[in-house]
Amino acid sequence: MDTVTASARPQYAHAVAETSYASCGDLSLAYQVFGDGPVELVFVPPFVSHVELFWTLPEFKAFFERLGTFCRVVVFDKAGVGLSDPVPKVRSVDDRTAEIEAVMDAVGFGKAVLFALSEGGPAAIVLAARRPERTRALILHGTYAYLGGLEWDDLDRGAAEVRARILRELGEDYTPSTQQIERWQEFGDAVRSDWGDGRALKCLVPSIRSIRQLGMLERMCASPGMARATVEASFGIDVRPILPTITIPTLIVHARGDPGVPVQDGRYLADHISGAQMLEVEGVDHAPWFTDSDRTTTRIEEFLTGSHAAPPQSRRALRTVLFTDMVASTQHAAAAGDERWRAVLHRFDEITSELTQRFEGTVVKSTGDGHLATFDGPTQAIRCAEALRADTETLGIRIRSAIHTGECELLDADIGGIAVHVAARILGQAGPGEILVSRTVRDLVIGSGTGFDDRGSVELRGVPGTWQLLAVDRRGARAGTAEAALASMPTPGPRTAMRRSDRAVVVMAWRTPWILRGVARRAPAADRR
């Protein structure tokens, strides 16, 4: 495909596009489609967004109009923010991944570029690994795989103390400086205490001078509860084990002075995704439309439309593997007799097939006294294992289960790869009635309300390294735990925090957006209050 020349490129792609809605389960997600280019591209937004109001920012408009000259672009608001439906609780990485695919389905994108910013990055990483056949390329701007185990209490600790803890885990190359941690603490404090007055977004995009404009953006993008819950959920995200499974072309873009996500996080991604390209740009803003946007869009265009050999179709993809095994099956068979035991096994097969299908999984094969099944995400696998445990107990038998998420080799009627071996070895550690998972699974379902009991770190036979294992708690997340607090945190829609004037601006942003664009210009004049 030939690169579009500057002279042939139209100056503007389209006026503000119509807002439509995509179904994702019971939720409706607001999205817009625009652009004339041949490349399908999904922009995965940061932790807050507003598909209509963002067009009032002239820098945003110019950036996406440039993308629209060589891409067909879809932008959307994630559930709980902007114009999308509010949600009753915080969303997990698994949930966010499903939202991206739901938008792709709604607009008819078969194989798209995923362009993710900030908190949208981990979900895009998971989808790219899980669905290589639907992902043409991955572009990650100002995002991360893991934030070093940050928590709200770190806002009240000395930056040097926080850095020392992160340094022990990530090493010097990937640990932010004390100054970078101080900037994060300022942002976190604003989200936790003052969402709606503009201070939080000011920390991320200092080039915007109008604190009033930023306050309006905060109030219209998300409620204080939703903003806090989303940021807190991001503390627990850890998709580092998934990075080596990505096989598609990847471009990492990061501003060296990014105040929201330190550039070291971008360097970690580039160093751990095979073949990834890295572009570091000069700037102090978190959003790509404020930081060397011409250079960024030029590099993206070259990355997507330049001549290069297409990567081979991958037969490997990210999957969640569930192993089940019947406890004391030999004793049960001897006590029941052959005929009755065959009936029990037949019913066990039926229950497994029914429940796996209900939770959108696939039974790969029977293992004699158990089964091997795969799922797109770990949340479905856990719910299926819980349902299997409950239903088989009514038959008078007990099962044990093991779950792991990782790269699998997709065979014609089977599945292989290291993730399958890890799950099989975890099963050997599980006790009767226990659902044992790897830490990777736990990290991907943070915010789902699932409770876990730490079983410590073990060595798994034939698998390198040590593995932290956790058991799914039958009672869910226990009161007083961080997971219980996160799952029960209120996440009302943005209208609960909007002022009367904000609602008027929403209407104006849609009907006459040009009136508001001057407010967002980065003029050196004194701030308007």
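It should be emphasised that the depicted structure is a prediction, and the values quoted were computed from it without experimental measurement.

Criteria and cut-off values
Residues numbered from 1 in each chain as written. Predicted model: local features only at pLDDT ≥ 70, side-chain atom pairs only at ≥ 80, totals over all residues. Heavy atoms only, no water. Helix = DSSP H or I, 4+ residues; strand = E, 2+ residues; numbered from the N terminus. Buried < 20%, exposed > 50% of the residue type's maximum accessible area, 1.4 Å probe, protein only. Expected span 1.5 Å × (residues − 1). Core = buried A, V, L, I, M, F, W, Y, C linked by side-chain atoms within 4.5 Å. Contact = heavy atoms within 4.5 Å. Pairing = 2+ DSSP bridges. Axes fitted to C-alpha atoms, helices over the stretch in contact; angles between N-to-C directions.

1. A look at unusual backbone geometry
Backbone geometry places Asp292, a non-glycine residue, at a positive phi of 50°. With respect to the helices and strands, Asp292 occurs in the loop between strand E8 (277–281) and helix H10 (293–305). Residue class for Asp292 comes out partly exposed when judged on its relative accessible area of 34%. The phi torsion at Glu360 lies on the positive side, around 60°, for a residue other than glycine. Given the relative accessible area of 61%, Glu360 is considered exposed.

2. So, helix H13 (residues 378–393)
Structural remark: α-helix, 3.6 residues per turn; residues separated by three or four positions point the same way. The end-to-end C-alpha distance of H13 is 23 Å, a good match for the 22 Å that 16 residues give at a rise of 1.5 Å each. Restricting attention to buried positions, one finds in H13 the residues Pro378, Thr379, Ala381, Ile382, Cys384, Ala385, Ala387, Leu388, Arg389 and Thr392.

3. A short note on the nonpolar core
In this structure, Val42, Phe64, Trp289 and Leu304 are the most contacted members of the largest nonpolar core, which totals 119 residues. The contact partners of Val42, leaving out residues within four places of it in the chain, are Val74, Phe76, Ile100, Met104, Phe109, Ala112, Val113, Leu114 and Phe115. With 23 residues, the next largest nonpolar core counts Met326, Val344, Phe348 and Ala373 among its residues.

4. A few points about the sheet that holds strand E3 (residues 39–44)
Taken together, 8 strands build an open sheet; the order of strands is E1-E2-E4-E3-E5-E6-E7-E8 and the sheet is mixed. The open sheet terminates on both sides in strands that have one partner only, identified here as strand E1 (20–24) and E8. The average angle at which neighbouring strand axes cross in this sheet is 25°, direction not considered. Pairing geometry for E3 and strand E4 (residues 71–76), over 5 bridges, is parallel. Along E4, the bridge assignment pairs Phe43 with Val75. The sheet strands contacting helix H3 (residues 121–130) are E3, strand E5 (112–117) and strand E6 (135–141), and the helix crosses E6 at an angle near 160°. Helix H9 (residues 263–272) rests against E6, strand E7 (250–255) and E8 of the sheet, and its axis sits at about 165° to E7.

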